[in-house]
Amino acid sequence: MRIAVAGGTGTVGRHVVEVAKARGHEVSSMSRAEGVDLVNGRGLTQALQGVEAVIDVSGIQTTSTKKAVDFFTNATQNLLAAEKQAGVKHHVALSIVGIDGSTSGLYAGKLVQEDEVRHGGIPWTLLRSTQFHEFVPLAVKIGTVGPVVSVPKMFTQPVAAREVAEALVTAAESGPQGRVPDLGGPRTEQLADLVRAYLAKTGQRKRILEAVLPGSMGKAMRSGALIPAPGAAVGRQTFSEWLEAADADGGRDQ
């Protein structure tokens, strides 16, 4: 089939593009770098011509509730409206495990996105996953100030971005299913422990400071709410395995 990937150059998106092409689909990537802007709708109509399914893995890096809600509201509404006009038959969206009840930060934005998808008039599938392995180096990058790296106090069960991509393409192939089982990684971890392992592997000598984030987003991180419930799908690759593979591949994301 012909599949369009919103956010196709991102951490998961590039894997979605690769997996879908490897399975024989005709795939197009939609991102600002490729002339498509979800927030203002620029280029969407042209990009969706002849598309049968859209996989939305677009996102924003922010802890601001307003920025997250504004982004996911505008992007999802614009995307769904363009899909209606183009005759798209299936919308597949990626969200985050355990965000029910969150009213702050990125999680509030993702809940708004889910609501837009459910009521957007396009048959849909929604997959929630845990954080990706790549979340750890991102947390280090964002949280580093001099010799100290501040990371949220957080329980996580990280999953390989490639495995999330495989699940999303399978969902697109299977047709609209509503919400499918959550997907998490094989092990529950403390984010600070993962950061410690990443710093050691990459030869960075920094002191780790665990920060207690405010609001419902921070509470969800600390309480274990972001860990999948029993019955969720479980990925194969552990963080340690990903870290070894990334090192063997010259440090690039896997």
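What counts, and at which threshold
Residues numbered from 1 in each chain as written. Predicted model: local features only at pLDDT ≥ 70, side-chain atom pairs only at ≥ 80, totals over all residues. Heavy atoms only, no water. Axes fitted to C-alpha atoms, helices over the stretch in contact; angles between N-to-C directions. Helix = DSSP H or I, 4+ residues; strand = E, 2+ residues; numbered from the N terminus. Parallel < 35°, antiparallel > 145°, perpendicular 65-115°, else oblique. Left-handed = near helix turned anticlockwise from the far one by under 90°. Contact = heavy atoms within 4.5 Å. Nonpolar A, V, L, I, M, F, W, Y, C, P; charged D, E, K, R; others polar. Core = buried A, V, L, I, M, F, W, Y, C linked by side-chain atoms within 4.5 Å. Buried < 20%, exposed > 50% of the residue type's maximum accessible area, 1.4 Å probe, protein only. 1 Å grid on protein atoms, 1.4 Å probe; cavity = no way out; pocket = protein on both sides within 12 Å on 5 of 7 lines; lining within 4 Å. Points joined across faces, edges and corners; volume = space filled by probe spheres on them. UniProt positions renumbered as here; feature names shortened; annotations may be inferred. Polar contact = N/O pair within 3.5 Å; in protein donor to acceptor, adjacent residues only side chain to side chain. Salt bridge = Lys/Arg side-chain N within 4 Å of Asp/Glu carboxyl O.

The name given to the chain in an unreviewed UniProt entry is Nucleoside-diphosphate sugar epimerase, and the organism recorded there is Pseudarthrobacter scleromae.

With that out of the way, let us pick up the packing of helix H1 (residues 13–22) against helix H6 (residues 161–174). At a minimum axis separation of 8 Å, H1 and H6 run at an interaxial angle of 55°. As judged from the angle between their axes, H1 and H6 are oblique. Read as a crossing pair, H1 and H6 show a hand that is right-handed. On the side of H1, the interface is formed by His15, Val16, Glu18, Val19 and Ala20, while H6 contributes Ala161, Arg162, Ala165, Glu166, Leu168 and Val169. Grouping the amino acids of the contact of H1 with H6 by side-chain chemistry returns seven nonpolar, one polar and three charged.

Next up on the list: the nonpolar core. By size, the foremost hydrophobic cluster in this structure holds 39 residues, and its most contacted members are Met30, Leu44, Leu48, Val54, Leu79, Tyr107 and Val195. Examining the composition of this core, we find that six residues originate from one element, helix H7 (residues 191–201), more than from any other. What Val195 contacts, discounting residues up to four positions off in sequence, is Val136, Val140, Val149, Val151 and Ile208.

This part is about the layout of surface pockets. Quantified by volume, the largest pocket comes out at close to 1400 Å³. Contributing to the lining of the largest pocket are 46 residues, with Gly59, Ile60, Gln61, Leu106 and Leu138 lying nearest its centre. Top element by residues in the lining of the largest pocket is helix H5 (residues 135–143). It accounts for five residues. Here the lining of the largest pocket is composed, by residue class, of 24 nonpolar, 17 polar and five charged.

On the UniProt side, "domain: NAD(P)-binding" (unreviewed entry) is annotated at positions that read residues 7–172 here. Between the first and last C-alpha atoms of residues 7–172 the distance is 16 Å; the span itself is 43% helix and 19% strand.

In this fold, Thr73 is placed in helix H3 (residues 65–86). Of the polar contacts made by the side chain of Thr73, one reaches the backbone oxygen of Val69; its length is 2.7 Å.

Now for H1. Where H1 is concerned, the buried positions are Gly13, His15, Val16, Val17, Val19 and Ala20. Its buried side turned inward, H1 meets strand E1 (2–6), strand E2 (26–30), strand E3 (53–56) and H6. Count one or two residues on from H1 and you reach Gly24, which has phi positive near 95°.

By the definition in use, this model includes 13 salt bridges. With its nearest N and O atoms 3.7 Å apart, the salt bridge here joins Glu189 to Arg187. By sharing partners, the salt bridges in this structure join Asp100, Glu114, Arg118 and Arg128 into a single network.

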